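# Chains, contacts and geometry: an overview
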Amino acid sequence: MQKDPNGIKIFVSNTIPDLGIELLRKEGFDVSAWVEDVLITRDKLIAETKKCNALLSSGGAKIDEAFLNECSHLDIISNFGVGYDNIDIAAATRLGIPVGNTPGVLNDATADIAFGLMIAVSRKMFYMYKKIERGEWTHFSPKANLGIELKNKTLGVFGLGRIGIEMAKRCKGAYNMNIIYCNRKPNKEAEKLLDAKYVSFDELLAQSDVLSVHSAFTEEVRDIFNKDTFSKMKPTSIFINTSRGGVHNEEDLIEALNTKKIWGAGLDVTNPEPMQKDNPLLQMENVAVLPHIGSATVEARDGMSRLAAENIIGLYKNGKVPNLVNPDVMKKL
Ligand code: 8YV
């Protein structure tokens with residue numbers, strides 16, 4: 001597809017950094033954007049999308065088959081994010097709608113959050129802060145508040161891709177951690193870079209001192225961290241998830257922590273999101289929870305805004321979506 005951007009209408013469904021919107025406008029696209037500080041409702045999103053040729057989507061309503069059937073006129077959906085589990089890719093492909101995403105630019109930001117959560121959990125930082133707030137910093141007690149050290153421990157990466165590699169680099173550099181990983185297939189380049197060892201899922205569970213999740217979210221990995229799999233982990237282990245909350249079963253995680261099947265957990269993602277303030281995880285000593293801020297840096301969000309715009313510009317200007325997630329769709333265009 002190649003089309004003159006003039007007269008092409010784009011809807012941006014959330015308040016993204018200006019950079020991408022400016023790029024689109026500079027090319028001549030007619031851009032309208034959601035500007036309110038609340039998520040757009042599904043009905044409103046469908047109504048706005050119907051008026052436009054392309055959608056730059058960000059969070060909110062699921063772009064499922066019913067949504068796509070109603071908006072099958074779309075030339076492209078460009079997702080502001082690397083994870084696109086919010087979009088029914090098979091249905092988009094069937095309807096001939098290319099879907100783009102924004103990989104690469106958020107690797108450092110997300111790995112920093114995984115690394116930070118790991119340290120925060122290992123030293124009970126979030127809980128210690130709460131103790132001060134509650135007026136419980138009363139005296140020095142040598143046997144209280146003890147954390148565990150990370151030096152020379154084993155990091156298990158579930159999904160050694162772009163973000164997992166950055167997390168592993170940090171762990172190796174700072175703590176000389178031994179890296180093991182479990183993927184659909186071995187990543188030889190990453191193995192060389194990190195001296196990492198490819199292991200089975202059961203070995204990952206049994207050997208990790210810190211197990212950090214960086215896989216994409218698919219049905220294959222839904223609830224893969226559950227009662228059974230948590231019970232195969234070390235009682236001294238820390239579970240970190242900065243991928244998607246659906247990868248772990250929350251009830252089972254709470255039970256695994258309460259029954260000391262694992263030692264601690266650090267989460268930047270929950271299921272559902274937002275997490276409610278009465279969630280028992282928030283009261284636990286060895287737990288740290290953040291509100292899905294993996295990519296929340298100025299640099300990463302600017303990069304995401306730019307890449308999301310470039311997917312749309314690429315399609316109209318030269319028929320190529322730089323970060324296309326459903327290449328099969330091109331056969332239909
Ligand atoms: C976004 C993310 O904040 O890129 C991803 O997959 O999880 C985050 O960077 C999220 O997608 C909101 O749109």
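Up top is the structure.
Remember, predicted model here, so these are calculated numbers, not experimental data.

### Brief notes about the sheet that holds strand E9 (residues 210-213)
- An order of E8-E7-E6-E9-E10-E11-E12 is seen for the 7 strands of this open sheet, with the pairing classed as parallel. Pairing within the sheet leaves two strands with one partner each, and these edge strands are strand E8 (197-198) and strand E12 (287-289).
- Relative to strand E11 (residues 264-267), strand E10 (residues 238-241) runs parallel, the two being bridged by 4 bridges. For Ile 240, the partnering residue across the bridge sits in E11 and is Gly 266.
- Along the sheet, helix H5 (residues 107-122) makes contact with E9, E10, E11 and E12, crossing E10 at roughly 150°.

### Comments concerning helix H7 (residues 162-175)
- For H7, with 14 residues, the first-to-last C-alpha span of 20 Å sits near the 20 Å given by 1.5 Å per residue.
- On its buried face, H7 sits against H5, strand E6 (154-158), strand E7 (178-182), helix H8 (188-194) and E9.

### Comments concerning unusual backbone geometry
- For the bond running from Asn 271 to Pro 272, omega is 5°, close enough to zero to count as cis.
- Tracing the backbone shows Pro 272 in the loop between E11 and E12.
- In this structure, the amide linkage connecting Glu 273 to the following residue, Pro 274, adopts the cis form with an omega of -5°.
- As for its position among the elements, Pro 274 is in the loop between E11 and E12.
- One non-glycine residue with positive phi stands out, namely Asn 145, at about 65°.
- Along the chain, Asn 145 falls in the loop between helix H6 (125-133) and E6.
- For His 292, which is not glycine, the phi dihedral falls at a positive 50°.

### Some points on the packing of H5 against H7
- Relative to each other, H5 and H7 sit at 50°, their axes nearing to 8 Å. Classed by the angle they form, the pair H5 and H7 counts as oblique. Note on packing geometry: the crossing formed by H5 with H7 is right-handed. Every residue of H7 that contacts H5 at Asn 107, Asp 108, Thr 110, Ala 111, Asp 112, Ala 114, Phe 115, Met 118 and Ile 119 is listed here: Arg 162, Ile 163, Glu 166, Met 167, Arg 170, Cys 171, Ala 174 and Tyr 175.
- Residue composition of the contact of H5 with H7, grouped by class: 10 nonpolar, 2 polar and 5 charged.

The rules we used
Residues numbered from 1 in each chain as written. Predicted model: local features only at pLDDT ≥ 70, side-chain atom pairs only at ≥ 80, totals over all residues. Heavy atoms only, no water. Pairing = 2+ DSSP bridges. Helix = DSSP H or I, 4+ residues; strand = E, 2+ residues; numbered from the N terminus. Contact = heavy atoms within 4.5 Å. Axes fitted to C-alpha atoms, helices over the stretch in contact; angles between N-to-C directions. Expected span 1.5 Å × (residues − 1). Parallel < 35°, antiparallel > 145°, perpendicular 65-115°, else oblique. Left-handed = near helix turned anticlockwise from the far one by under 90°. Nonpolar A, V, L, I, M, F, W, Y, C, P; charged D, E, K, R; others polar.

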